[in-house]
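Architecture and fold: a report
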Amino acid sequence: MDTNQSGLNMRLAEHITVSSEGNEEKFKIKTYNNLSPIGLEKLSSARYEIGSEIEYPDAILLRSQDLHNVVIPDTVKAVGRAGSGVNNIPVDELSARGVPVFNAPGANANAVTELTIAGLLMAARNIPEALAFVNGLKDEDGGLDARVEQSKCRFSGIELAGKTLGVVGLGAIGVKVSNVARALGLKVVGFDPQMTLENAWRLSSDAIPADSLNELLSRSDFVSLHVTLNDQTRHLMDDIRIGKMKPNATLLNFSRAEIVDEAALLAALDTAMLRAYVSDFPSPALLNRPRAIVLPHLGASTKEAEENCARMVCEQVRDFLENGTIRCAVNFPDIHLSRNEHFRLAIANDNIPGMVSQITAILAENNINIVDMLNKSRGNYAFTLIDINERISPELLARLISIKGVLSARGIA
Ligand SMILES: NC(=O)C1=CN([C@@H]2O[C@H](COP(=O)(O)OP(=O)(O)OC[C@H]3O[C@@H](n4cnc5c(N)ncnc54)[C@H](O)[C@@H]3O)[C@@H](O)[C@H]2O)C=CC1
Ligand SMILES: O=C(O)C(=O)COP(=O)(O)O
C-alpha cells in the first residue's frame, strides 16, 4: 500500500463512527459564537467533546461567524447554524464535499418579529431622538418640566394604524411581522414569489399580495425586508427600487446589510426622500447618521430564540452524526430511516443516474446483504442510507468513495 493510500485509509477509518461500545471515540464538535448551553446539553458529555479550540471536529456549530475564509477540515461531516441565515457559510463548497449544512428555520422568528415591530414604533414616534433629548437634559434651575413641554413638538410622530406596511419576503419572519402588523391596525401588502404553502396558510388572510416588488414599494408607508441574502437579493433595494418608494416612507432592514445598496440608501437619507432607515446592521457610514436607527444585530438575541435555535440545531446535528438522519439541511434532502441494530452507510452523492446501482453492486460483489435502504434527492444532490448486516472495512468504504459522483460516505455502527 502506498503512503497516499494508507493516509486515505486512515482518514476513512475516522469516517466509521461507533456507538454503544465501551471503547467508542467521542464525536468532536467545534463551536463558534455564543451558543446557548440549553442547546448544547442535547449533546451528552458521554458521546460528545465540545469546544472552541477543537482542531479536527466531526461537526461545527455556529451563529454568525464568517466561515468563508476559514479552512474547514476534512473531518467535518456536518455544519449547524443556530439561526436562519447561512450566508456566512460556504454552502456550495460544503455541498460539493457532501457535508450537510443545517439551520433552525423559524426558531428565532418571533424574536426578529418583535424587534421589527419595535423598529416600526421607534421610527414612527421618533423614539431614539426623543430619548437622546431627555438623556441630554439637566435640571440646573428646576425648569425641566417647562423644557420638556416646550421641546416635545420636535418629536411629534405618526401612528401605525391605518398606514400600509410592505413586507418583502414572506418566510418565517415576514409572515409573523405581517400578522402582528395587522393586529396593530396596519394594512399589509406582501411580496414573495417563492412563498411556501405552509407560510401562505399562516399569513393573515387580509394581507394583500403584491404582483411585483415595485407595486409593493409604491403603495407602502413602511417597507420591511425579510428575504434571504443570495446573488438574486444582493442590492435588491438599489437606487431604482428606493426611488419607487413613496416619498417620506420608512425602510426597515432586519434581513442583511447587503440587501440594500448603501450608496443609494445614503443618497435617499441625505435628501430626506426616506423618512427613516431602521437596520440591524451597523456600518461606518450609518453611525450617527440623521434618520438612521441602527441596532447591533440584535434580532435573534433573546434568551428564548437563542435556546430554540441551539436546541434545534444540536438535535439535528446529533441525529445526523448518530443515525445519518437529515432534517432541515439547506443543501441536502430530508431523509430518515428507522434505526435498528444494523451497521449503516450514510452516503452523499450527486443527483445523477446510476449512483444507487453502482453502490449496491459493490456491496453485492463483497457478499454484503442490504437490509434496508432509502435514497432521497434535492436539486443537484442526493443522500442514501443503507443498512447492512455487517461492518464494512475502510478499504470497501474507500471503494464506495471512489465512485464518481459519491461526495462523502461513512459507516455508522
Ligand atoms: N437580524 C437578525 O438577527 C436576523 C436576521 N435574519 C435574516 O432574515 C432572513 C429571513 O429569515 P427567515 O424568515 O427565517 O427565512 P425564510 O427562509 O423563512 O424566509 C425567507 C423568504 O424570503 C423569500 N425570498 C427570497 N428571495 C426573495 C425575493 N427576491 N423577493 C421576495 N421574497 C424573497 C423566500 O421565498 C422566503 O419565503 C434570513 O435569511 C436572515 O438573513 C434571520 C434571523 C435573525
Ligand atoms: O439567524 C440569523 O440569520 C441571524 O442573523 C441571527 O444571527 P445571530 O445568531 O444572532 O448571530
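Rules and cut-offs
Residues numbered from 1 in each chain as written. Chains lettered and ligands numbered in written order. Predicted model: local features only at pLDDT ≥ 70, side-chain atom pairs only at ≥ 80, totals over all residues. UniProt positions renumbered as here; feature names shortened; annotations may be inferred. Helix = DSSP H or I, 4+ residues; strand = E, 2+ residues; numbered from the N terminus. Buried ≥ 20, exposed ≤ 12 C-beta atoms within 10 Å, placed from the backbone. Contact = placed C-beta atoms within 7 Å. Core = buried A, V, L, I, M, F, W, Y, C linked by C-beta atoms within 7 Å. Domains from an automatic or database assignment. Axes fitted to C-alpha atoms, helices over the stretch in contact; angles between N-to-C directions. Parallel < 35°, antiparallel > 145°, perpendicular 65-115°, else oblique. Left-handed = near helix turned anticlockwise from the far one by under 90°. Nonpolar A, V, L, I, M, F, W, Y, C, P; charged D, E, K, R; others polar. Near = placed C-beta within 6 Å. pLDDT = per-residue confidence, 0-100.

Looking at an unreviewed UniProt entry, one finds the protein named D-3-phosphoglycerate dehydrogenase and attributed to Methylomonas rivi. If you open the UniProt record of the protein and go to Function (unreviewed entry), you find "Catalyzes the reversible oxidation of 3-phospho-D-glycerate to 3-phosphonooxypyruvate, the first step of the phosphorylated L-serine biosynthesis pathway. Also catalyzes the reversible oxidation of 2-hydroxyglutarate to 2-oxoglutarate."

The subject of this paragraph is the overall build of the protein. Of the regular secondary structure elements, the protein holds 14 helices and 17 strands. Reported as C-alpha extents along the three principal axes, the dimensions of the protein are approximately 90 × 50 × 35 Å. Counting the 413 residues in the protein, one finds 38% classified as buried. Sequence separation of at least 24 residues holds for 66% of the intrachain contacts in the protein that already meet a minimum separation of 6.

So, about the nonpolar core. Judged by nonpolar contacts, the single largest core of 98 residues is most densely connected at Ala59, Leu61, Val101, Cys309, Val313 and Val317. Take this core: its biggest share by element is nine residues, from helix H12 (residues 303–323). Here this core spans two domains, and each of domain 1 (3–106 + 303–412) and domain 2 (109–294) adds at least three residues to it. Those residues in contact with Leu61 that lie beyond four places of it in its chain are Ile29, Thr31, Leu35, Gly80, Ala82, Val313, Cys314 and Val317.

What follows covers the packing of helix H4 (residues 109–124) against helix H7 (residues 172–183). As a packed pair, H4 and H7 sit with axes 9 Å apart at the nearest point and diverge in direction by 45°. On the basis of their axis angle, the class for H4 and H7 is oblique. Viewed along their axes, H4 and H7 form a crossing whose handedness is right-handed. Contacts from Ala109, Asn110, Val112, Thr113, Thr116 and Ile117 of H4 reach H7 at Ala172, Ile173, Lys176, Val177 and Val180. Its residues assigned to classes, the contact of H4 with H7 comprises seven nonpolar, three polar and one charged.

The domain architecture assigned to the protein consists of domain 1 (3–106 + 303–412) and domain 2 (109–294). Of note, the centres of domain 1 and domain 2, computed from C-alpha atoms alone, are 40 Å apart. Contacts between the two partners involve six residues from domain 1, matched on the other side by seven residues from domain 2. Of the residues contributing to the side of domain 1 that touches domain 2, the split by class is two nonpolar, three polar and one charged.

The next point concerns the site of ligand 1. Around ligand 1 there are 32 residues in total, and Gly85, Gly169, Gly171, Ile173 and Gly299 lie nearest to it. Here the shell around ligand 1 gets three residues from one element, more than from any other, and that element is H7. Among the residues forming the shell around ligand 1, the class breakdown is 14 nonpolar, 15 polar and three charged. Counting contributing residues, the shell around ligand 1 receives three or more from each of domain 1 (3–106 + 303–412) and domain 2 (109–294).

On to the site of ligand 2, then. Around ligand 2 sit Arg63, Ser64, Gly83, Ser84, Gly85, Asn108, Gly299, Ala300 and Ser301, and those are all the residues in its vicinity. The class makeup of the residues in the shell around ligand 2 is one nonpolar, seven polar and one charged.

Quick look at the confidence of the model for the protein now. Averaged over every residue, the pLDDT of the protein is 94; residues scoring 70 or more account for 94%. Averaged pLDDT values over the elements of the protein bottom out at 41 in helix H1 (residues 3–13) and peak at 99 in strand S10 (residues 222–225). Segment residues 1–14 is flagged for pLDDT under 50; beyond a separation of four residues in sequence, or across chains, it makes 12 contacts in the model. For the stretch residues 18–23, pLDDT sits under 50, and the model shows five contacts to residues farther than four places along the chain or on other chains. Reported confidence for the predicted complex is 0.99 by ipTM and 0.94 by pTM.

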